[in-house]
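# Observations on the model geometry
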Amino acid sequence: MTAVGTPPASAPRAAAAAATRRFRRPAATPGGRGREALTGYLFIAPAVILFAVMGLYTVGYGFLLGFARWNGFAPHWDWVGLDNYADLLWRDPVYAPRVHVAARHTLYVMIAVPVLTVAVSFPLAVALARVKRAQAVLRSVYFLPYVTSGIAVFYAWQYILQPDGAVNYLLRVLGLGSLQEPQGFLGNPATALPTMIVVTVWTEVPVAMLMYLTGLQTIDRGLIEAAELDGAGWWRTQVSVVWPLLRPITAIVVLLTLRSALHGFQTFLIMTNGGPGTHTDVLGLEAYRLAFLSKFAPTLGLASALGWMLFAVAMVLALINLRALRSRV
């Protein structure tokens with residue numbers, strides 16, 4: 001029996017249920033849900049419209065332009081189908097040889113830049129990870145090339161690589177005068193493209209180094225200690241333990257540097273403009289010339305076709321890289 005004046009045990013639960021019913025949010029009506037959805041659509045509408053105009057419309061317009069002949073000023077296009085692609089690849093006696101030369105130089109850059117970027121950034125990240133003092137300062141110093149204004153940096157490189165620039169002066173002071181370039185490192189056809197590759201690697205290393213450094217900080221220290229207990233030295237530990245664990249980061253670094261090597265042409269435009277002669281001409285620079293430096297010649301379609309061919313190559317490389325990464329994970 002319940003004592004007189006004592007509420008039953010179920011009274012608190014009943015009071016809580018009553019309070020819940022009192023403050024429960026009323027169920028949304030179909031009309032209310034529709035108004036909420038409309039409000040959400042109105043908020044995202046500006047971004048969607050901007051993307052449709054600046055993204056989808058531009059991409060579609062450029063894709064169709066690759067099948068036409070147009071100079072940018074005529075009121076109508078001349079539809080030519082696949083002629084632009086054929087002219088660039090083999091048929092046109094003027095444009096096809098230029099594209100072949102630029103493609104060969106682009107291939108050299110696409111091979112050298114990822115390899116050298118990985119070869120420089122990974123040891124640099126390993127060395128930086130072992131530094132205990134002033135690591136933040138050193139990290140900022142190494143990242144400085146990436147955040148510095150590109151045009152200013154490229155003009156500075158152009159200046160120090162001149163015949164009377166800092167590089168030739170330094171070689172002369174060190175007694176390595178035989179390595180000097182009287183024409184400048186950008187004026188000699190034999191050294192122009194390798195020099196541009198070095199400058200490109202210099203701009204790619206900061207991001208790759210930070211990515212490797214981040215990956216090194218996420219590796220379980222117990223794995224490294226276990227390898228050391230098994231008798232593995234520092235070199236063996238880096239090669240057999242650390243490097244395989246950072247393979248996904250390496251794949252990302254290679255993909256990013258391949259994209260820069262394939263599409264990037266600003267460095268070549270500012271520093272050499274494809275010279276001397278055509279020794280530093282690349283496909284991105286050739287597409288830029290066809291689009292903007294052909295005066296009134298109807299080459300916008302050729303530029304668009306070349307751009308889409310570069311896009312196709314980039315997609316194939318990305319798929320190959322992704323497939324290789326999945327097969328090794």
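Anything mentioned here points back to the structure above.
For clarity, every value in this text was computed on a predicted model and none was experimentally measured.

A few words on the layout of surface pockets. Of the pockets and cavities examined, the largest pocket occupies roughly 520 Å³. What lines the largest pocket is a set of 27 residues, and nearest its centre among them are Tyr146, Thr203, Glu204, Arg259 and Ser260. Those elements that provide at least two residues to the lining of the largest pocket are helix H5 (135–147), helix H6 (150–160), helix H8 (189–218), helix H11 (247–263) and helix H12 (266–271). Broken down by class, the residue content of the lining of the largest pocket amounts to 14 nonpolar, 11 polar and two charged.

Turning our attention to H8. Compared with an ideal rise of 1.5 Å per residue, which puts 30 residues at 44 Å, H8 spans 45 Å between its outermost C-alpha atoms and is within 8% of the ideal. For H8, the N-terminal capping position is held by asparagine 188, with its side-chain oxygen 3.0 Å away from the main-chain nitrogen of alanine 190.

Our next topic: the packing of helix H9 (residues 221–229) against helix H10 (residues 234–245). Direction vectors running N to C along H9 and H10 enclose 160 degrees, while the axes themselves pass 10 Å from each other. Put simply, H9 runs roughly antiparallel to H10. For the pair H9 and H10, the sense of crossing is right-handed. Here Leu223, Ile224, Ala227 and Glu228 of H9 come into contact with H10, specifically with Thr237, Val241, Val242 and Leu245. Classifying every residue of the contact of H9 with H10 gives six nonpolar, one polar and one charged.

Turning our attention to the side chain of threonine 267. Examined against the element boundaries, threonine 267 turns out to sit in helix H12. When sequence neighbours within four positions are dropped, the list of residues in contact with threonine 267 reads Phe154, Met196, Val199 and Thr272.

In this section: the side chain of threonine 280. Among the secondary structure elements, threonine 280 is positioned in the loop between H12 and helix H13 (283–292). Classification of threonine 280 as buried rests on a relative accessible area of 0%. A polar side-chain atom of threonine 280 sits 2.5 Å from the main-chain carbonyl oxygen of glycine 275.

A few words on the packing of aromatic side chains. A full pass over the atoms with the stated rule returns 15 aromatic pairs. Centre to centre, the rings of phenylalanine 67 and tyrosine 85 are 5.8 Å apart; their planes meet at 45 degrees, and the pair counts as tilted. Pair noted here: phenylalanine 67 is in the loop between helix H2 (30–65) and strand E1 (68–69) and tyrosine 85 is in helix H3 (residues 83–91), with a separation of 18 residues, a long-range link. We classify tyrosine 85 as buried; its relative accessible area is 15%.

Cut-offs and rules
- Residues numbered from 1 in each chain as written.
- Predicted model: local features only at pLDDT ≥ 70, side-chain atom pairs only at ≥ 80, totals over all residues.
- Heavy atoms only, no water.
- 1 Å grid on protein atoms, 1.4 Å probe; cavity = no way out; pocket = protein on both sides within 12 Å on 5 of 7 lines; lining within 4 Å.
- Points joined across faces, edges and corners; volume = space filled by probe spheres on them.
- Helix = DSSP H or I, 4+ residues; strand = E, 2+ residues; numbered from the N terminus.
- Nonpolar A, V, L, I, M, F, W, Y, C, P; charged D, E, K, R; others polar.
- Expected span 1.5 Å × (residues − 1).
- Polar contact = N/O pair within 3.5 Å; in protein donor to acceptor, adjacent residues only side chain to side chain.
- Axes fitted to C-alpha atoms, helices over the stretch in contact; angles between N-to-C directions.
- Parallel < 35°, antiparallel > 145°, perpendicular 65-115°, else oblique.
- Left-handed = near helix turned anticlockwise from the far one by under 90°.
- Contact = heavy atoms within 4.5 Å.
- Buried < 20%, exposed > 50% of the residue type's maximum accessible area, 1.4 Å probe, protein only.
- Phe/Tyr/Trp six-rings, centres within 6.5 Å; stacked < 30°, edge-to-face > 60°.

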